[in-house]
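The lines below spell out each chain.
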Amino acid sequence: MQDEHTAMVDRGAYPDAVTPWETESWRTAVLDWVGGHLTERGLGVDGPLRVRLRPWSVLVRVPVAGEGAVWFKATPPGAAFEGPLTAALARWVPEHVLSPLAVDAGRGWVLLPDGGQLFRAVLDREPVEPREWESLLGQYAGMQRDLVARAAEMERLGVPSARTADLPVVFDRLLDANTALGPDERVRLKALRPRLVDWCAELAAAGIPDTLDHADLHDGQLLRPAPGRFTFFDWGDAAVTHPFCSLRVPAERARDRYGPEVLPRLLDAYLEPWTGDGRTTAGLRRAAGLAWRLSALGRAASWGRMFPSAPGTAPGAEESAEWLRELLAEPPFPG
């Protein structure tokens, strides 16, 4: 296979990010691993590699003759569960996810087929009505319900456990470790803790079981193979926590596109699969408001899953601090 000299490398807004791609022996091992799995399938590379380097991943698009492309992804140690989780989801809920071609759990590597167009590309190309986002959220919520019984198995795969009742402990850990918060912000957040404990207790008491939270379900992490149908991927930010924490990111993206009046429709579409079992609409909406605010903890935690950087620095500290500050903001609906 080709090396960095025949690859197109995109570093985005992170030109100084340190990733394993800079190490020649690592790069060679990756290319040999990908090439070996392609050879097993009678496939070969057809064109230059496209490499996307970020502080949290190495992503390589490998063009394949007659097959479009395959995708290699390497994650940092804190997200090494992504490959095993992706493989498990392909067994448990195959209609909703990509099935990996290969996984190396020890090295945090996964090789994926091309799943078609990103939802973001569809949004950029043509008018898309809010009902597509409703379909997206309804399908995703249904998948979360199907995975409730798998929560403990996902934790055994290494998916971070952030159970609803344990979120105050997550808050304490994040607050203590963060180096980017100012003294006044730290005081305000510490003063918020008693309310946060109450929110977590109320949310846990609502009786909606913990399950998989993608935690970053935006339009660039979704494939749309057909209108009203979606494929979910990129699980490096995931956790086992309250399912409603997933709602915030896609709802905010849709709100930015259509305006705040779209939120009630999206909320109803997401909550519909959770109805029944004696739950009331008011109770579900209350739970969604609580989870909207508490979802900031999952986003703050995900910024700690970065490739190691220079000694003395805390990768992702400022981004994590931004999400901790969001705990002080009111949700767009009662909660």
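Quick caveat, the model's predicted, so the values are computed rather than measured.

Undergrad: Outline the pattern of salt bridges, listing residues and values.
TA: Going through the model one piece at a time under the given rule, you end up with 27 salt bridges. Between Glu 22 and Arg 11 there is a salt bridge, and its shortest N-O distance comes to 2.9 Å. You can see Glu 22 sitting in the loop between strand S1 (7-10) and helix H1 (24-40) and its partner Arg 11 sitting in the loop between S1 and H1, a full eleven residues away along the chain. With relative accessibility at 35%, the residue Glu 22 sits in the partly exposed group.

Undergrad: Residues and numbers for the pairing of strand S6 (residues 109-113), please.
TA: Consecutive side chains of a regular strand alternate in pointing toward one face of the sheet and then the other. Within S6, four of the five residues are buried, which leaves it mostly tucked inside the rest of the structure. By the bridge criterion, five bridges tie strand S4 (residues 68-74) to S6 in an arrangement that is antiparallel. In the sheet register, Val 70 faces S6, and the bridge partner there is Pro 113. Pairing between strand S5 (residues 102-104) and S6: three bridges, direction antiparallel. From the neighbouring strand, Asp 104 faces S6, where its bridge partner is Trp 109. What sits between the antiparallel neighbours S5 and S6 is a turn of four residues, in which Gly 108 has the positive phi angle 70°.

Undergrad: A description of the packing of aromatic side chains should follow, citing residues and the corresponding values.
TA: Tallying each qualifying case throughout the model produces 13 aromatic pairs. Between Trp 56 and Trp 303, the aromatic rings sit 5.5 Å apart at their centres with planes inclined by 85°, giving edge-to-face as the arrangement. Taken as a pair, Trp 56 in the loop between strand S2 (49-54) and strand S3 (57-64) and Trp 303 in the loop between helix H10 (281-302) and helix H11 (317-325) lie far apart in primary sequence, 247 residues in all. A relative accessible area of 27% means that Trp 56 is categorised as partly exposed. A relative accessible area of 14% places Trp 303 in the buried class. Counting every residue linked through ring pairs, the aromatic cluster contains Trp 26, Trp 33, Phe 72 and Trp 109. Sitting above the plane of the Trp 21 ring, Arg 27 keeps its charged end 5.8 Å from the centroid.

About the thresholds
Residues numbered from 1 in each chain as written. Predicted model: local features only at pLDDT ≥ 70, side-chain atom pairs only at ≥ 80, totals over all residues. Heavy atoms only, no water. Salt bridge = Lys/Arg side-chain N within 4 Å of Asp/Glu carboxyl O. Helix = DSSP H or I, 4+ residues; strand = E, 2+ residues; numbered from the N terminus. Buried < 20%, exposed > 50% of the residue type's maximum accessible area, 1.4 Å probe, protein only. Pairing = 2+ DSSP bridges. Phe/Tyr/Trp six-rings, centres within 6.5 Å; stacked < 30°, edge-to-face > 60°. Lys NZ or Arg CZ within 6 Å of the ring centre and 35° of its normal.

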